[in-house]
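# Residue-level structural notes
Each chain, letter by letter, is given below.
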Amino acid sequence: MAAGELILAHVEERDLTRLDEYRAVGGYRSLARAREMSAPDVVKAITDATLRGRGGAGFPMGRKASLIDQKNPRKYVVVNADESEPGAFKDREIMGRNPHLLIEGCLMTAYAIEAQSVFIYIRGEYLTEYEVLARAVEDARAAGLFGDVDVVVHRGAGAYICGEESALLESLEGKRGQPRPRPPFPPVTGLYAAPTQINNVQTIATVPKILELGVEEFTKIGVPSSPGTAVFSLSGNVVRPGNYELPLGTPLRSLIYDVGGGVPEGRAIKGIIPGGSSVPILTPDQLDTPLDYDSIQAAGSFFGSAAVIVVDDRCCMVQLALRAAKFYMHESCGKCTPCREGTRWLVQLLTRIEDGSAVESDLALLESVCSRMLGRSLCALGDFAVYPVSSYLRKFRGEFQQHVDEGRCPYGDQSSIVGIEAPIDAHTHHPTVEIPG
Amino acid sequence: MSAPETVTLTIDGRKVTVPKGTGLVEAALAAGIEIPVFCYEPRLGPPIGACRMCLCEVAPGPPKPQAACTLTAQDGMDVKTALTSDSARESQDATLEFILVNHPLDCPVCDKGGECPLQDLTFRYGPGSSRMDFPKRTFDKPIPISPLIALDRERCILCYRCTRFSETVAEDGQLIARNRGAQSMIATFEDEPYRAHFSGNVIELCPVGALTSTQYRFQARPWEIQNVPTVCGLCPVGCNIHATTREGKVKRILSRNHPEVDQGWLCDKGRFAFSHVRAEDRLTDPLLRVRRRGFEEVSWDRAVDEAERLLREAHGRIVTALSGSETVEHAYALAKLLRRGLDSHVAVLPDEFSDALDPLRMPLSSIADADVVAVLGDAPVVERAPIVELWIKQAKRGGARVLYELDEDAVRGAEHAVLIWSGPGGQGGARVAALAKRLGARGAFWLPETANGRGVCDAWAAAADTEPGEVEPIGLLFVSGDEAAANPDVRALAEKAERVIAVSMFHGLAAGWADLVLPGTSYLERDGTYVNLEGRLQRLRRAVIPPAPDELAWIAKLGERFDVALSPYPSVVFDEVSPITFGGVPFGAVGEHARLPAPAEAPAAPETEPLPEPADDDGLRLVRYRPLFSGAAVERVPELQFQRPLAEVQISETDAHARGIRNGDEITLRSNGTSVSLRARVTNELRGGVVRIADEHAGELQPSVEVAR
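Residues numbered from 1 in each chain as written. Chains lettered and ligands numbered in written order. Predicted model: local features only at pLDDT ≥ 70, side-chain atom pairs only at ≥ 80, totals over all residues.

### Description of the overall build of chain A
Helix and strand counts for chain A stand at 18 helices and 10 strands. Expected size for 437 residues packed as a compact globule is a radius of gyration near 22 Å; at 22 Å, chain A falls within 12% of this value. Its C-alpha atoms give chain A principal-axis dimensions of about 70 × 45 × 35 Å. In chain A, which comprises 437 residues, the proportion classed as buried is 58%. Put simply, of all contacts in chain A between residues at least 6 apart along the chain, 71% involve residues at least 24 apart. (Helix = DSSP H or I, 4+ residues; strand = E, 2+ residues; numbered from the N terminus. Rg over C-alpha atoms; globule rule 2.2 N^0.38 Å. Buried ≥ 20, exposed ≤ 12 C-beta atoms within 10 Å, placed from the backbone. Contact = placed C-beta atoms within 7 Å.)

Rendered as structure tokens:
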């Protein structure tokens, strides 16, 4: 067990998917402790611990809970386990290796907001994790841990958009997965129009740890504005990619070099995407940025889903932007205009730049399309589609310009991204794939 | 009642005060400012904020532009539209640019061109040129999603109005969005034809030329048409319509929103059946039986002479069969001619009407506010008065309980209960009125079978007070219109009558059994008034000239022969009947959006019979109904044939369960040695003990049937 691990503690030595093993390391004691407290006190503990959402937005979980109308007899807890952000694989590991921790967190959250129903919406592709989690739910139910609460594990059907909370709720209701206009927000009008506490897997899985350690001890971990730990999914050009649970505020450099072993062959870093493919890229001069919500935001990016992607100096940024743009075109739900039409246009423009057939004005047009999409979509995913493109363009303008000036890609097939297959390339039979030319 | 709460906000620097809960788009309109929209349509339920055309700067609020359509006006709000905000202006430009990125811009060959919101808003707000120089997204087109509607997916801007209509208004759930992102497309579920009573509304809802009418495709351009405001004459709802005409022909029917009657929705019969006016077998000249078998076309002078002769030779032994589709004026003129001129007072009236409902008179829109709606009478509402079904659905979405079996306690306990009688045995509304009175229901409606049955009955009564006597044998049967001509009871009378004069629009109906056939006209060819099922007097306007003189013209001529003063002009005839029947309202005051008269004083409650009980043995009571998509007009519209009722029997969940019948099962119904096999449609919109079948599929079944798998 690595020191300081909370969520992934003991997963190396024990098979925590088994209820007895999980109990042997103290599992479900936090639940018992919570049930001895009053519901508002549990909410207060979560609030005092400043537990911020680990799914992307970093919204404090306790504040969400406080928005829920306690008098409404119908309330829901929904766990967003539709982890789909390119680069993110932390929830997968948590559910696959420590499912009872998530279940315990669910039961505690349900107790805190006095809900009787918990829905875990798990990404459809996570079949193994679904099976592990479903079995754990059955074991916990059989062990009588649920009380008057029921937990349902629901599999998604392969849409990135369903990781957006309101689209997730639509999908859970059996409708087409598309975001809802907000306000009202889920704590007011959520699943089946009832107040709903919806949080990411890791957020919910952290809840038992708050009571286990006590609020005071818990807040000593990490930084004051973002206490606790996060499981960072480290990927890209690093020696040891993987999930690493570290205290929030750990410097980016430390994650990449001390934990991840640095870049293979000692190559230079060109950029770091700190929160999954949808966030603006950071540059090597920002390697000392502490990995917490506020610090990363101050550096011009987002904490996102704590998926840190390292890009080395062999990668063509136009190719990388195109890869991201294709993903977001593929996953745009089609509900609102800027995202639906803009993502396709971005792909067309980037394809032309990469081909070397772009003209001078295309870079300005690319910039303009990005800025016209930004902030104008129904949900945040419209912005997610823009950030990679606009930030690569801003920070690596020269490289884009080189494509235009030379009439070809300076990296060609030597780019380090070549050969790494993107989902959109793997799913060519899919009807939504129409590579515009 | 206290004054409604209001809020005051600022829009583009203008202060405006609106009722609390008003949407920002409407609040801006109140301030004289347009916030352009595509997806926003309040009749389709909560706003979805999809098209992003309405982005504005709103304070207080997040710094990024907000979709005005999803916000309601709040006190002290400061809204800046594209008129005064650079950010909003940029948003609007951006949205229009994005919408047009993949739109084919084929306006010159698009039916919507000239009356297209996308075209209009692009001209008003959009850029003059495009920065998009890539190949646009293409699809196969046009796709006939039904024989009535063609879909052009390239023009579609994915505002989801059509799918929202299908899902949340008509609740047929047949239109869906398929795929994701830029490849999203509108489709029907499983690519089945869009077969539903209200499908045509999606054509009007579409803000671009993506959904077009197959009947109207390439038929006219907006600058060469005229829209005549009139009223549909195909069912007792009397939806307000625009008849679009070009060069003297009706080309399409559009809704003309009357918020109390139809909310701007039309059924597919009202929208698409108009082309029967130009049916191949339309009668344009009078037909006279000259030999034992055979008719010849005769001049109108000859026809009027013959009619006079036939009327005289009957010596007052005349029975008049009315259709219920005559205008008030037409029915009154006919009644005056026959009752005053020929002392013939016996009539087969199209519907039964009781004035017991008048004290409960309410607009149809009041159904939407109900907390309990009881639908009695066992005939499907949607087949009789389609729009009423949409009002019931709206009530249900608003939380109302809809009962298909009378639950007296539920009605008594309701704040706002509405009773609706759909089916036979309603005694002209007397029965439902008595029930409503006894149970304290707020409103009650009776759904007659004919469009203007009520106006026709009133007009007939207004012409004379004389009680009808016995007519035996019948010297002359005067059949007024196609509904009467198609009525089996009238056909039976014709067998007994010595002579028959029939008025009919079509060759097929009256020729063969009448001695003289006079060409009839359609509701689209008449001026006059109709009275709908609410008791609302509405104005018909002539959209096109009929191919033959209209009824008033030759009735007036016949009037001269019998010394009955009759004008050929509807306005004059109306002014004569109005003081007797409509409180003297002048013809010109009926208006384009007719008002409902105030509820009448309560008359003495009539005696009514108890509700019919379903059969109590193993058998079920069979209700045969006349489907909406049937009758002389529908039969003459090829595009509507796919809408004719399926060979199925509707059975309640309880009865189906008791017999092990599941939805879609083939089941057999038996009575008195005859049997019919039909597919079961299990419904919770029918009470136990009753099954119902469209007339054309019920065969010879008797009123009590055995049902088994």
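### Considerations on the sheet that holds strand β18 (residues 372-376) of chain B
Residue and element names in this part refer to chain B. Spatially, 4 strands are ordered β19-β18-β20-β21 in an open sheet, and the strand pairing comes out parallel. Every interior strand has two partners, whereas the edge strands, β19 (401-403) and β21 (443-447), have only one. Direction aside, neighbouring strands of the sheet carry axes that sit 15° apart on average. (Pairing = 2+ DSSP bridges. Axes fitted to C-alpha atoms, helices over the stretch in contact; angles between N-to-C directions.)

### Overview of the pairing of strand β4 (residues 196-200) of chain A
Residue and element names in this part refer to chain A. For β4, a buried count of 5 out of 5 residues is recorded, marking the element as mostly surrounded by other parts of the structure. Side chains T196, I198 and N200 of β4 all project onto a buried face; the interleaved residues Q197 and N199 project onto the opposite face, where all are buried too. Sheet topology places strand β1 (residues 76-81) next to β4; 5 bridges connect them, and they run parallel. Looking at β4, one finds that Y76 is bridged to T196.

### Description of the interface of chain B and chain A
The interface of chain B with chain A comprises 31 residues on the first partner and 28 residues on the second. The element contributing the most residues to the side of chain B that touches chain A is helix α2 (residues 86-101) of chain B, with 7 residues. For the side of chain B that touches chain A, the class distribution of residues is 17 nonpolar, 9 polar and 5 charged. (Nonpolar A, V, L, I, M, F, W, Y, C, P; charged D, E, K, R; others polar.)

### A short note on the domain arrangement of chain A
Residue and element names in this part refer to chain A. Once the domains are mapped, chain A shows domain 1 (19-220), domain 2 (226-312) and domain 3 (317-424). The C-alpha-based centres of domain 1 and domain 3 are spaced at 35 Å. Of the residues contributing to the side of domain 1 that touches domain 3, the split by class is 6 nonpolar, 2 polar and 1 charged. (Domains from an automatic or database assignment.)

### A short note on the pairing of strand β13 (residues 249-255) of chain B
Residues and elements named next belong to chain B. Alignment of strand β12 (residues 240-246) against β13, held across 6 bridges, turns out to be antiparallel. Bridged to A243 within β13 is I253. Connecting β12 to the antiparallel partner β13 that follows it, the hairpin turn spans 2 residues, and E247 within it adopts a positive phi of roughly 50°.

### A look at the packing of helix α13 (residues 453-463) of chain B against helix α18 (residues 570-581) of chain B
Residues and elements named next belong to chain B. Contact geometry for α13 and α18: axes closest at 10 Å, N-to-C directions at 90°. By the criterion of interaxial angle, the relationship of α13 to α18 is roughly perpendicular. Residue-level inspection shows D458, A459 and A462 of α13 in contact with α18, the latter providing V577, I580 and T581. Residues of the contact of α13 with α18, tallied by class, amount to 4 nonpolar, 1 polar and 1 charged. (Parallel < 35°, antiparallel > 145°, perpendicular 65-115°, else oblique.)

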